[in-house]
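As a plain string of letters, each chain reads:
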Amino acid sequence: MGSLIPNGNDAEVINKLNDRFQGNKLINLRRHIKGKSDDFFASDRHLHRISYRLNIFPSTGNRPKGRWYLFLRDLIGDTNRTKILAALKGALDDEKCVGVHFWARFNPKTNPPDYDVDISPKHPDANGEYWITITLLCDHEIDAGISGDPSVPPADNGEKSPVQPSPLRWRGKSPKRALKKAAKKAVSKVGKKPAKKRK
Amino acid sequence: MIFDQPQQAVEQQDRSAERISQVSRLVAVFEAIFPSVHYRVLNTVTAINAQASFVNGACLVDIFGGLAFHPAIRHDGLVFMLLHETGHHLSDGCKLPWAHLACECSADRWATADGRKALEEKGKTFRLEAALQEIEHAVGPQLQDAAPTLRISCWAMNWQKRKRTLLVGQTTIPKTCRISGAIKRSQSGGRYGLINT
């Protein structure tokens with residue numbers, strides 16, 4: 001985005017990431033992480049597996065899914081992987097972080113050619129709420145000849161079910177819901193008529 | 001940026017003194033008319049593209065060598081490209097949620113309206129139809145490579161639709177970006193995109 005000729009795959013994956021890390025979808029991911037004790041962005045987790053779990057990949061053109069997974073697994077580099085995981089873990093752990101913006105832009109400075117990641121500083125508003133921006137700095141593209149690997153990435157250690165948490169609803173018990181259920185049970189017990197004795 | 005895009009190898013580019021001078025003169029014209037925007041020609045990058053970005057408070061336009069020196073791209077194509085990228089910075093239409101930039105349709109609209117007018121006031125002109133033909137010829141079939149959801153949402157993500165919309169002058173722009181309208185903009189004083197590089 002921001003290019004004369006927008007790259008469809010870039011735009012799709014950036015849109016999906018931005019959409020998943022804000023609003024109710026972010027809240028539901030936080031609920032999954034806390035409710036299931038699933039350390040989703042722990043430093044030993046893998047970005048391609050996380051991308052699979054969040055169902056985020058491009059869908060058109062030249063073997064998009066496999067090349068995206070391979071990019072996250074082999075090309076982005078371990079330093080960048082660690083930086084991204086730390087930023088996401090920090091954002092998800094802190095409820096004052098209301099969302100994460102993702103972007104990619106060309107960066108001609110790196111030598112030798114490599115990827116880099118920039119994490120924006122926090123700028124809290126009057127309520128202490130803030131966004132962070134994760135920008136992937138690229139000085140080259142995924143080679144068109146790379147075939148990719150679209151298979152399901154192996155599970156990371158410590159993952160909790162569901163493997164792909166729903167972005168729209170959380171399947172665990174919320175404390176409020178549990179209290180409501182208990183209260184309802186108590187009322188129905190009190191209101192129940194005693195069974196008639198059979199003669 | 002992440003996925004591959006059309007390239008023009010250096011040996012297939014027009015690196016004549018005349019072409020280098022043409023690109024430099026055009027960049028100088030744009031720098032004079034739009035002084036808040038900084039233009040860079042990245043000679044070694046072979047992608048047939050250009051990108052606007054906002055880095056450390058500066059409005060940047062990067063013109064990649066594959067586009068700047070592409071033999072199929074001539075005066076009109078270069079001017080439209082520079083106007084489109086400048087439009088990402090100067091258009092007051094809908095914005096990208098994650099960066100301090102106008103979105104694609106907004107940049108196109110600015111290029112063919114306000115940007116064109118600003119150029120004409122300085123005695124510079126360009127032909128839109130020729131510009132679009134040059135770009136289409138240079139980039140080829142990869143122009144239609146966006147996901148259906150994106151192509152449907154925004155005319156600027158579908159080359160044929162984009163071309164038609166621009167040529168008939170129907171570049172209406174929504175208040176929020178249609179391809180990312182569900183995504184909220186930063187609420188932290190708009191200070192996104194402050195990147196330290």
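Residues numbered from 1 in each chain as written. Chains lettered and ligands numbered in written order. Predicted model: local features only at pLDDT ≥ 70, side-chain atom pairs only at ≥ 80, totals over all residues. Heavy atoms only, no water.

J.: Explain the packing of aromatic side chains residue by residue, including any values.
T.: What the rule picks out here adds up to 12 aromatic pairs over all chains. One aromatic cluster is present, formed by Phe21, Phe40, Phe41 and Phe102 of chain A through successive ring pairs. Above the ring of Phe57 of chain A, the side-chain terminus of Lys65 of chain A is found at 4.5 Å from the ring centroid. The ring of Phe126 of chain B has Arg116 of chain B sitting right over it, with the charged end atom 4.6 Å from the ring centre. (Phe/Tyr/Trp six-rings, centres within 6.5 Å; stacked < 30°, edge-to-face > 60°. Lys NZ or Arg CZ within 6 Å of the ring centre and 35° of its normal.)

J.: Please provide a residue-by-residue account of the confidence of the model for chain B, values included.
T.: On average, residues of chain B carry a pLDDT of 85, and 80% of them reach 70 or more. Every residue in residues 186-197 of chain B is under pLDDT 50, and counting partners more than four places away or in other chains gives 40 contacts. (pLDDT = per-residue confidence, 0-100. Contact = heavy atoms within 4.5 Å.)

J.: So, the environment of Ala130 of chain B: which residues are in play, and what are the values?
T.: Residues and elements named next belong to chain B. Mapped onto the fold, Ala130 is located in helix α5 (residues 128-139). For Ala130, a relative accessible area of 14% translates into the label buried. Residues Ala130 and Glu104 lie 26 residues apart in sequence; the distance between their C-alpha atoms is 20 Å. (Helix = DSSP H or I, 4+ residues; strand = E, 2+ residues; numbered from the N terminus. Buried < 20%, exposed > 50% of the residue type's maximum accessible area, 1.4 Å probe, protein only.)

J.: Which residues make up unusual backbone geometry, and what values do they have?
T.: Residues and elements named next belong to chain A. For the peptide bond that leads from Ser161 to Pro162, omega is -5 degrees, which places it in the cis range. When you line up the elements, Pro162 lands in the loop between β3 (130-138) and α6 (175-191). Residue Ser37 is not a glycine yet carries a positive backbone phi of 50 degrees. Within the secondary structure layout, Ser37 lies in the loop between α2 (23-35) and α3 (47-53). Taking the relative accessible area as the measure of exposure, Ser37 reaches 53% and is therefore exposed.

J.: Can you lay out the sheet that holds strand β3 (residues 58-64) of chain B for me, pointing to particular residues and giving the numbers?
T.: All names here are of chain B. Ordered in space as β1-β3-β2, the three strands form an open sheet in which the pairing is mixed. Sheet topology places β1 (37-42) and β2 (50-55) at the edges, where each strand pairs with a single neighbour. Looking at each pair of strands side by side, their axes are set apart by 25 degrees on average, direction ignored. Pairing analysis gives six bridges linking β2 to β3, with the strands arranged antiparallel. If you follow Ala52 over to β3, its bridge partner there is Val61. (Pairing = 2+ DSSP bridges. Axes fitted to C-alpha atoms, helices over the stretch in contact; angles between N-to-C directions.)

J.: Kindly report on the nonpolar core, identifying the contributing residues and their values.
T.: Judged by nonpolar contacts, the single largest core of 60 residues is most densely connected at Phe21, Phe41, Trp68, Phe71, Ile134 and Leu136 of chain A together with Ile2 of chain B. Secondary structure elements with two or more residues in this core: α1 (8-20), α2, α3, α4 (64-75), α5 (78-93), β1 (97-106) and β3 of chain A. Other than its neighbours up to four places away in sequence, Phe41 of chain A contacts Phe21, Leu29, Ile33, Ile50, Leu85, Leu88, Lys89 and Leu92 of chain A. Counting 41 residues, the second-largest nonpolar core is a separate cluster that includes Leu67, Val79, Leu82 and Leu119 of chain B. (Core = buried A, V, L, I, M, F, W, Y, C linked by side-chain atoms within 4.5 Å.)

J.: So, the pattern of salt bridges: which residues are in play, and what are the values?
T.: Scanning the entire structure with this criterion turns up 18 salt bridges over all chains. Notably, a salt bridge pairs Asp116 of chain A with Lys83 of chain A, separated by 3.2 Å at the nearest N-O pair. Taken together, the residues Asp116 of chain A in strand β2 (residues 116-119) and Lys83 of chain A in helix α5 connect sequence positions 33 residues apart. Residue Lys83 of chain A is classed as partly exposed on the basis of its relative accessible area, which comes to 31%. A salt bridge links Lys163 of chain B to Glu136 of chain B, with the shortest nitrogen-to-oxygen separation between them at 2.8 Å. Residue Lys163 of chain B is found in helix α7 (residues 159-167), and its partner Glu136 of chain B is found in helix α5; the two are separated by 27 residues along the sequence. Exposure remark for Glu136 of chain B: the relative accessible area of 25% places this residue in the partly exposed category. Bridged by salt links that share partners, the residues Asp38, Arg45 and Arg53 of chain A form one connected network. (Salt bridge = Lys/Arg side-chain N within 4 Å of Asp/Glu carboxyl O.)

J.: Before we move on, could you go through the confidence of the model for chain A and cite the residues and values that matter?
T.: Averaged over every residue, the pLDDT of chain A is 86; the share at 70 or more is 82%. Considering each helix and strand of chain A separately, the mean pLDDT is smallest for α6 of chain A, with a value of 62, and largest for α3 of chain A, with 98.

J.: Could you give me a rundown of the side chain of Thr165 of chain B, with the residues and numbers involved?
T.: All names here are of chain B. Along the polypeptide, Thr165 turns up in helix α7. A residue is classified by how much of its surface remains accessible, and Thr165, at 11% relative accessible area, is buried. Within polar-contact distance, the side chain of Thr165 engages the backbone oxygen of Lys161 at 2.6 Å. (Polar contact = N/O pair within 3.5 Å; in protein donor to acceptor, adjacent residues only side chain to side chain.)

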